[in-house]
Structure formats: structure tokens, C-alpha cells
Amino acid sequence: MSSGARHLYVHLPFCAHRCGYCDFVTVVGRHSQHARYVDALLTELELERNVLAPELETVFLGGGTPTFTEHAELERLLGSLPPATEITVEANPETVTQELARMLRSQGVNRVSLGVQSFRLHLLDVLERVVQPDIVRRAFYHLRDAGFDNISFDLIYGIPGQTASDLDADLADALELGPEHLSCYELEAKPGTRFTHAHGDELERQADAMESYFELVVERLTAAGYRWYETANFCRTSELDLRSRHNLAYWLGRDYLALGVGAVSTFAGRRWRNTPRLAHYLEALGRETTPEREVEPLSHDVRRRERVMLGLRLDEPLVLGELAAVVDESAVSRLELLGLVQSDADGRTLALTPRGRFLGGGVTADLLA
Amino acid sequence: MTQDRIRNFSIIAHIDHGKSTLADRILELTHAVASRDMREQVLDSMDLERERGITIKAQAVRVEWKGHQLNLIDTPGHVDFTYEVSRSLQACEGALLVVDAAQGTQAQTLANAYLAIENNLEIVPVVNKIDLPQADPDAAAVEIADLIGDDPSHVLRISAKTGEGVADVLDAIVERVPTPAGDPDAPARALIFDSSYDQYRGVVAFVRMVDGRFSTREPLRAMALGTRFEAEELGFFAPNRRESGVLEAGEVGYVITGLKDVSRLRVGDTLTSERRPASQPLPGYKDVKPMVFAGLFPTDSDDYPELRDALEKLKLNDGALFYEPETSQALGFGFRCGFLGLLHMEIVRERLEREFDLDLLVTAPNVAYRVKPPNGDWIEVHSPSDMPNEVEEVEEPYIKASIIVPKEHVGAVMELNNDRRGRFDHLEYLSEQRVHLTYELPLAEIVLDYYDQLKSRSKGYASFDYDIIGFRPGKLVRVDVLVGGEPVDALSLIIHRDSAYDRGRALVERLREEIPRQHFDVAIQAAIGARVIARETVKARRKDVLAKCYGGDITRKRKLLERQKAGKKRMKQVGMVEVPQEAFLAVLNLDAQKKS
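What comes next concerns the included structure. Remember, it's a predicted structure, so these values are computed and weren't measured experimentally. (Residues numbered from 1 in each chain as written. Chains lettered and ligands numbered in written order. Predicted model: local features only at pLDDT ≥ 70, side-chain atom pairs only at ≥ 80, totals over all residues. Heavy atoms only, no water.)

1. Side note on the overall build of chain A
Assigned secondary structure in chain A consists of 14 helices and 17 strands. If you take every contact in chain A between residues at least 6 apart in sequence, the share linking residues at least 24 apart comes to 70%. Carbon and sulfur atoms make up 50% of the accessible area of chain A, which totals about 15000 Å². (Helix = DSSP H or I, 4+ residues; strand = E, 2+ residues; numbered from the N terminus. Contact = heavy atoms within 4.5 Å. Areas by Shrake-Rupley, 256 points an atom, 1.4 Å probe, with all protein chains shown as cover.)

Next comes the structure, spelled out in C-alpha cells:
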């Protein structure tokens, strides 16, 4: 097995406001706890140091809103993390000032993922985002000015009330700024959430119309020269590989260590999730002990299934090898007949066709033996 | 006992007009049974008898009244068993015709009264429930007297509930019902009017000795089927089983045959002695054939062996039940079952579900068809999927429907009958208020929801009975349903050409709602031969993706995918199309069809 995980995720749960649709582990405000939380992260890092490889490929700070963390604490954290080839920080546009951008840059961050979601004011309202469309542009230029040449936008489509032309306009606004990378997600209205309660009926009404939005996103972005390299992710084509190296590690089934409240790690056939309760997390690490964890052993079979499930999200053919054992051959030929799947001449690789990728969930369920 | 001291009779009545209560009261009055034991001793007590491990059901009870032997012969209660009823009546010389003083004559009363008249029975008319506040005994007496051509003053007025007038009924039986007229010295002949099965003793035949006598250990033969056996035990019920060693001319009793297969003795057949056989059987034997067919499938395919065992057991007690294995691509393994009629089907289904705890899917019933392929011989078809593609002629069973309805609903009922390809036969006023209508109708038109429609269009007041009158040619076609170009066997139906379009349309529309969207467009078609008469499309899904998937999501997404996979495994594959079993259920289910 690998000598250590080459990918590190760090979770910063603090936010100014909890958005109705969000299902991440987040904590509103609590400025007084930011320093203690960073201490806890660094303690957990020490406890898990042996899990990490001597040299890291990627570090990713996600949230929550990492850039909502007290800037001094964020700076202290970044200064204490091991170096890596790609270091990404998630940021909400309203938190990005000139000073923050410079600080991130000076601490070795070389990629920022900006939570844009939409440029339409009425849609941002629905999402409960406290941002004005122009603030997105300002944040983007602050980052550019500070020297960031790898910026990603998160966009959401399928927002209640969003028309096809709203989506078109959002894509056009994003393309005008020209980020290196775009992640486009369909809004997931989880049953039982406040958001679904408020907007479920509207989403139901719009379901038919919104069915084409995914195609619209792919069409617009590929036409603008972006590579649709993962189900929901696009990058500019250039001589540099602008794919998110950190996320690729997930999709290729690699091991990774994750620090922080509610964070999920996968390493050496086990997946564990830290307690999602901030107080418990802080308390345990205050005593320099491992926080409560939910551990899931991953059998060889499960890992192979995950690798098929994740690998088929990518545009590059999945090399089957030992994965062939978990793929249903008759399903492959049936789906090839339907033009949803492609395998190479000797059946060593498998890839979804563009139409197959739109139907990736069902097609993958068919393919798995 | 000599024949002049014997009276054999039945009670005929519409359901709930008091047949069982009157039978109870007769047993009580003749001291056959103490009143507190009543409930446990009455004729219809299948559950109790089963619990005691004795499955012999008393189909006839012998009582004594003023020095006479009275045999009360039970008749099955419903239209589907008309033939059995007629055999029971043939075993009697008289019948009590019981009518509810509040409700008057009903269709079933009529049907059974006519049967009794056809069998030359002396009818003793009885108006029951005279104690009810809404009773109108005089009106009911006039109606019933008119019906049988008697004088209203001859009609007995009783309350089986309070016992008032029941002794008069017994006296009237002795006075009015003729004595049996068989020849005690002739070669023995006994009419089988019912049979049942006991797991220890085998088939038990209920017989009316007409001529001669039988003794225990005598070798006997069923004349129509040729079945031979030895009379292991002879006796009667009073109401407990009593072994008598002999059965004499005019008497009613049971014969324990030791036969292990109920289908080897048929109701209506004649038993004779092998020692001195009769040359001619008693008249009237008919080979009853099932007319209504449906597929029975276990909802959970693992229950197939249980269903097979259950049908085997039911068949032991129900010689009219027919079944054979059937395989449907949509529903898996099951049985195509034949029934005498709809009620018979309901009874079988209910017993399978209640007594054998099976969860069943019953497909929409169809009737038996007679089909002549070009240059071929007539064949009988029990399932639409067995209908040949090329047919020269098709015949379907017809019934004569007898309907009694208040006059204000006559129009609505006639309209229903016209919609169902009915041919008007006769209309008659039974009283100022009530009309008796007869129609000839294809049986196929009543098997689905006719009875419900009749009830709803008459605000619940119409009563209905029918008799099968034979096969007649019909303009019938087979409609197939194709999903993604593949015919779905379980959904084929045989239907009159004029209704084919509507039913085909309804079927494909229903299926379109039930079949989930697939990776490709799915055509759902109804077709007669190569001609498509209705079409719907289930549009292909345009997206089906798990939107985002990062480190923390992987387990959850994997589980979602596993659930999706498990869902797909439960689907039935029709060609390339995945169809949930529920879709077939929704379309096939009889109850669901009734609503559409």
C-alpha cells in the first residue's frame, strides 16, 4: 500500500449565516472559538502525522466559509500546514478583501475556489446568500491582483424560480470573468430541510423545465472551450492541467486525511468521520486525544465499486483491470447498444459517452454487477 | 322407515332472507339440538369443522317431526352454483320458498323458485321476518303467490327469529310435500347432490337414495364417470354424524367412499350397486365446465410452492376448480385457474388469502372462448395469450340475466345492458313498484364490473342473477400491449371489436403513468395483430446524476447507488425496458380496473 496519504483536507466550519440548502457541518459566528478550533486542528494534525506521506500533493481548506475564520487564525493555520503542490482555499466573495487575498498568497495558497452560486440577485436571495453580484467581480479581481492564476467558481443551477435565461445569463457572467475552473452543481433540496419546506412545491412545478439545465451548462461551457472533465466540473484547456488535483484524488480512489469537525478521511481500507459536534471535537483535542469517530471498514469489493462509481464521473476512460470483477458485462453490451457506454476494442477500459454522462447515476447502477 | 313417512325438502331464499335462522329454528323445535349449541351445529360451519379436524360438512340434516322423517337438504347459496342447486333440488320433493317480508322477491329468489318449479317440487311459500316494523307481509305474500301461481292465503307467515309460525312450517312440510316415489325393490340408484373431502376418510358423497338400497361394504359404481369403490360407511347427520349401515329408497344420507380424489365423483352422477346395477342413470347429469378464467400469481414469487399446495388442497373439496401452471414474463410463475363464475372466483381467492395466508395477484378475468382457426378444428381458449393470431370464427359464452329493479331505475339498468352488448328479452311488473327484466348478455361483459355498475346505477336496489345459456359467435379480437416493441403476455386481452380502441387506449395510458422513465424513449402500444390502435411514449430521462461527489460524500453516494441498483433488480425486464412489478399490478389488478 501507499506509504502515506498525499492529500489533506482541512474543514473550517464557521459561517456568517447558515444557508437553507446547505448540508455541510457549519457553525454560525463563534469568533471566540476560532483560535481554539485552529489549535484543535493542529493538534489533530500532530496526532495523525504518521498517516501523511512525507510530501503532500494537495491541501484543501473547505467549509463552512474558511475565509470567514478570523484572518489571523487562518494565517496561523496556513503557516503551520505542511507544504503541497496545490493548496486550495474555499472563499465566499463577500469575505475576499485585498488584504485577505494577499495574505492567502503569501501563505502559499495557489488556488481559490469562490462560492459564487449565482450572479442573479433574486436567486441569491432565494439561496439566502448575503452577496451582491458586483461583490463577486470585486473579489475575483482582488484575487487576480494578488497573483492568483487558478481560480474556480462554484455555480448552482436549479434554483427555485430560475429560468433557462437566468442560467444562461449566470454562465455568461461567469465566462466573462474567465475563471480557470468551474464547478456547477444542481441544487439538492434535501427532504425535511427548511429550504425544501419553503421551496419544494416550486421545484416540483419546475422539475420538467429544469431537466434540460444540466445539458445547457455543459453545452455553454464546452462551447467556451472548457473541458468537461468530471460530471460537475469544468476547466480551461491550456498547456497546464487545470483540473482540481485535490478532487481528482477522491475520484481516483486515493487515500486522504481530513482534519476538523465532521471531516471524513479514507486511509488504508478504513473511512472515518470525526464527530460533527464542535464542542466534543474541541474538548477531545484539548486533551490531545483523538475525537469521537464513526469508522467504516471498506472491503476490497466496496473499494472497487467506489472506484468504478467515481472513475466513471471522469472524462478519461476508466482502466478496468481488477475492476472488471465488479462490472456486469451484459450491462456493458446493452448500454453500448444504447450509445451510453464505450469500451475499447479489447474491453480493457470503460467510459461513458456524453449522453451516458448525463445519465451517469442510472448507467453506473446498471454497470455494477 | 317406509317412504310414506319420509319428506325431503330444501329451503330456498335470497341471501339474508333468513334461511339459516329458519334451519336453526327447525333443528331446535325438533329437538335435534339444544338451542345453546345452535351456532355450532348449523349447516354452514366450515371453520369450526376444520378446527376439529373433521371436514365432513353436513349437507343434509335428518330430523323427526310427529312420526315423520324430514330431511333438510342444504343448497349452495349462489348463482355460480346453479347446477349444484338444481341437483340438490332434484334430491327433494318439496321446497320452502322464503321471502323477507320487508324486501319482497329478489332475483335470486326468482332464479331458485324457477329451478324448483322445473324440478317439479312442491313449493311451500313462506314470508319471514313478519316481526320487523317495516314488514309488509301481505304485499310479500301476494308477490310470492303470484310468482308460483298459488293463493296468498296459502302463504305461511312466520318469524324465524322469534320462532312464531315455525311449527306450522313443519306441519305444512308433512302435509304438502309429496312422499318419495322410488321403487324400493328396483336395482339401487342414488343421486349424488354434493360431496366433500375428509383427509382421513377421503371423498364423502351426499346422496338421495331413489330406488333400492345400499349397505356397508357394498361395491358401488358412479355411472357417468365409471368410478368404482366400496361403501366404507353409510349414515346420516342428525345433525351429528350417525352411522346407519344401510340407506333405503327415499332416504338422504352420506356414503364414505375412501376415494382420494374429489374429481372422481361428480355432483349429479348416479351411484348404483355393482351387485345388481341399474341399467339407466338418473336424468340430468351435466359435466360443468369452468367459464371464467384468471391468472393467480403470488405477489412474492418465493410463495409459488405454497400457492401450488394451497390449490391442490382446495381442489380436494372443490371439484369445479380448475388450474394449470402458467408462466408470465411480467408476473413470473403462477396458475391459470378456471371458475364456475365470479363468485366462485372470489371464494377461491378469499380462501387462498385467508386460510393459506397468501398474498395474491389476480389478473383481470376472462371467459372461455371457442375458437376456430382457418382449416382447423374448434379449440377452447382460456387465456388471451393462447388465442391464435389467425382465427376464422370465435364464440363466447352468453348468459341470461335476470334483474329485479325498482321501476324508477329501469332506464338506467337498460342503458347499462345496452352498453354491454345486451339483447333485451323480457320486461314484467312484479308489483306496481318492481320490475323484472331479462337480458341476454355475453358473459365477458359481466365478469369485470357489471355487478358494481348495476348496483351504482340502481342506487343499490337492483338484484341480479344469471344462467349460462351457451356459446354464440362474436366479433372478438385480441388486443396486445407492446412495451418497447415487445408484447407483454399478461396484458393481452380478448375484447369485442367495438370496445378495442377504448380499452387499448386506457391500458396504454395507465401503463405510461406507471412505467418510470428510462435511458431511452419507450413506446407503449396497443395493437390488434400488426395494427397499432393506441400509442403512448415514456420520454427518455435527460439527466440522472449524483451532482457533487467529494471526500465526505462517497459513502452516502455509494449507498444511494446501491439502493438504485437494488430497485433495478426488482424490475421486470421487457426487452430492454425495466418495468416495476407494481406497474403490471396496477394495470392488471381487478380492483384497479374496476375504477378505470
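2. A closer look at helix α3 (residues 98-106) of chain A
All names here are of chain A. What α3 keeps buried is the set L100, A101, M103 and L104. All buried residues of α3 fall inside an arc of 165° around its axis, so they share one side. For α3, the exposed residues set more than 90 degrees away from the buried face come down to E99 and S106. Along its buried surface, α3 packs onto α2 (71-80), β5 (84-91), β6 (111-117) and α5 (133-145). (Buried < 20%, exposed > 50% of the residue type's maximum accessible area, 1.4 Å probe, protein only. Arc of directions from axis to C-beta.)

3. Considerations on the nonpolar core
The nonpolar side chains of a soluble globular protein tend to be buried, and buried together. By size, the foremost hydrophobic cluster in this structure holds 78 residues, and its most contacted members are L8, L61, L104 and F153 of chain A. Core analysis: the second largest hydrophobic core is formed by 46 residues, A310, L311, V394 and Y450 of chain B among them. (Core = buried A, V, L, I, M, F, W, Y, C linked by side-chain atoms within 4.5 Å.)

4. What about the pairing of strand β24 (residues 393-406) of chain B?
Residue and element names in this part refer to chain B. Where burial is concerned, most of β24 is hidden: 12 out of the 14 residues are buried. Bridge analysis of strand β22 (residues 369-372) against β24 gives three bridges, and the strand direction is antiparallel. Across the sheet, the residue bridging to R370 is E395, located in β24. Across 10 bridges, β24 lies against strand β27 (residues 463-473) in antiparallel orientation. Each bridged residue has a counterpart across the sheet, and for S402 the counterpart in β27 is D465. Strand direction decides the pairing type here: β24 and strand β26 (residues 434-442), joined by nine bridges, are antiparallel. Along β26, the bridge assignment pairs K400 with E440. (Pairing = 2+ DSSP bridges.)

5. With respect to the interface of chain B and chain A
The interface of chain B with chain A comprises 28 residues on the first partner and 46 residues on the second. Interface area, chain B with chain A, both sides summed: about 3400 Å², of which 58% is carbon and sulfur. Broken down residue by residue, the surface that chain B buries against chain A is led by H519, R542 and Y550 of chain B, which jointly contribute 21%. Where chain B touches chain A, the interface holds seven salt bridges. Here E186 of chain A makes a salt bridge to K543 of chain B, at a shortest N to O gap of 3.4 Å. Between the two partners, chain B and chain A, sit 22 residue pairs in polar contact (both at pLDDT 80 or more). When residues in the side of chain B that touches chain A are grouped by element, the largest group, nine residues, is from helix α14 (residues 554-569) of chain B. (Buried area = accessible area lost by both parts, 1.4 Å probe. Salt bridge = Lys/Arg side-chain N within 4 Å of Asp/Glu carboxyl O. Polar contact = N/O pair within 3.5 Å; in protein donor to acceptor, adjacent residues only side chain to side chain.)

6. Here's the deal with helix α5 (residues 107-118) of chain B
Residue and element names in this part refer to chain B. For α5, which comprises 12 residues, the first-to-last C-alpha distance of 17 Å matches the rise-based estimate of 16 Å (1.5 Å per residue) to within 8%. Considered for burial, the residues of α5 that qualify are A107, Q108, T109, L110, N112, A113, L115 and A116. After α5 finishes, the residue N120 shows a positive phi value of roughly 60°. (Expected span 1.5 Å × (residues − 1).)

7. Comments concerning the packing of aromatic side chains
In total, this model carries 27 aromatic pairs over all chains according to the counting rule given. Judged by centre distance (6.1 Å) and plane angle (20°), the rings of Y9 of chain A and F60 of chain A are stacked. Of the two residues, Y9 of chain A sits in strand β1 (residues 7-12) while F60 of chain A sits in strand β4 (residues 56-63), which places them 51 residues apart along the sequence. Taken individually, Y9 of chain A and F60 of chain A each receive the classification buried, so the pair is uniform in this respect. A centroid spacing of 5.6 Å and a plane angle of 40° characterise the contact between Y37 of chain A and Y281 of chain A, whose relative ring orientation is tilted. Of this pair, Y37 of chain A sits in helix α1 (residues 34-48) while Y281 of chain A sits in helix α10 (residues 278-286), and the two are 244 residues apart along the sequence. For Y37 of chain A, a relative accessible area of 0% corresponds to the buried category. Through a chain of ring-to-ring contacts, the aromatic side chains of Y185, Y229, Y250, W251 and Y256 of chain A together with Y550 of chain B assemble into a single cluster. (Phe/Tyr/Trp six-rings, centres within 6.5 Å; stacked < 30°, edge-to-face > 60°.)

8. Side note on empty space enclosed by the protein
Under the criterion given, the structure shown has four cavities of 30 Å³ or more. Looking at the largest cavity, its volume works out to about 140 Å³. Forming the boundary of the largest cavity are 15 residues, of which M309, R313, G360, G361 and T364 of chain A lie nearest the centre. Broken down by secondary-structure element, the contributors of at least two residues to the lining of the largest cavity are α14 (360-367) of chain A together with α14 of chain B. Counting residues per element, the lining of the largest cavity draws most heavily on α14 of chain A, which supplies three residues. Here the residues of the lining of the largest cavity are counted per class, giving eight nonpolar, four polar and three charged. Taken as a whole, the second largest cavity spans an internal volume of roughly 50 Å³. Lining the second largest cavity are Y250, G253, R254, Y256, T266, R271, R303, E306, R307 and L310 of chain A together with I554 of chain B. Its residues assigned to classes, the lining of the second largest cavity comprises four nonpolar, two polar and five charged. (1 Å grid on protein atoms, 1.4 Å probe; cavity = no way out; pocket = protein on both sides within 12 Å on 5 of 7 lines; lining within 4 Å. Points joined across faces, edges and corners; volume = space filled by probe spheres on them. Nonpolar A, V, L, I, M, F, W, Y, C, P; charged D, E, K, R; others polar.)

9. Considerations on the pairing of strand β10 (residues 233-236) of chain A
Residue and element names in this part refer to chain A. Pairing geometry for strand β8 (residues 181-186) and β10, over three bridges, is antiparallel. Residue pairing for β10: L182 is matched across the bridge by F234. When strand β9 (residues 226-230) meets β10, the two strands line up antiparallel, connected through four bridges. Each residue of the ladder has a partner; that of R227, found in β10, is C235.

10. Quick notes on the sheet that holds strand β11 (residues 228-230) of chain B
All names here are of chain B. The strand order across the open sheet built from eight strands is β11-β10-β16-β7-β8-β15-β12-β13, with neighbouring strands paired in antiparallel fashion. At either margin of the open sheet sits one strand with a lone partner, and together these are β11 and β13 (241-243). Each strand axis lies, on average, 40° off the axis of its neighbour in the sheet, ignoring direction. Looking at chain direction, strand β12 (residues 233-237) and strand β15 (residues 252-256) are connected through three bridges and run antiparallel. From the neighbouring strand, G235 faces β15, where its bridge partner is Y254. (Axes fitted to C-alpha atoms, helices over the stretch in contact; angles between N-to-C directions.)

11. Quick look at a nonpolar patch on the surface
A grouping of F424, L427 and Y429 of chain B is seen on the molecular surface, where their side chains present a nonpolar patch of about 290 Å² in accessible area. Tracing the backbone shows Y429 of chain B in strand β25 (residues 423-429). (Patch = residues over 30% accessible without salt bridge, like charges linked within 9 Å, V, L, I, M, F, W, Y side chains within 5 Å.)

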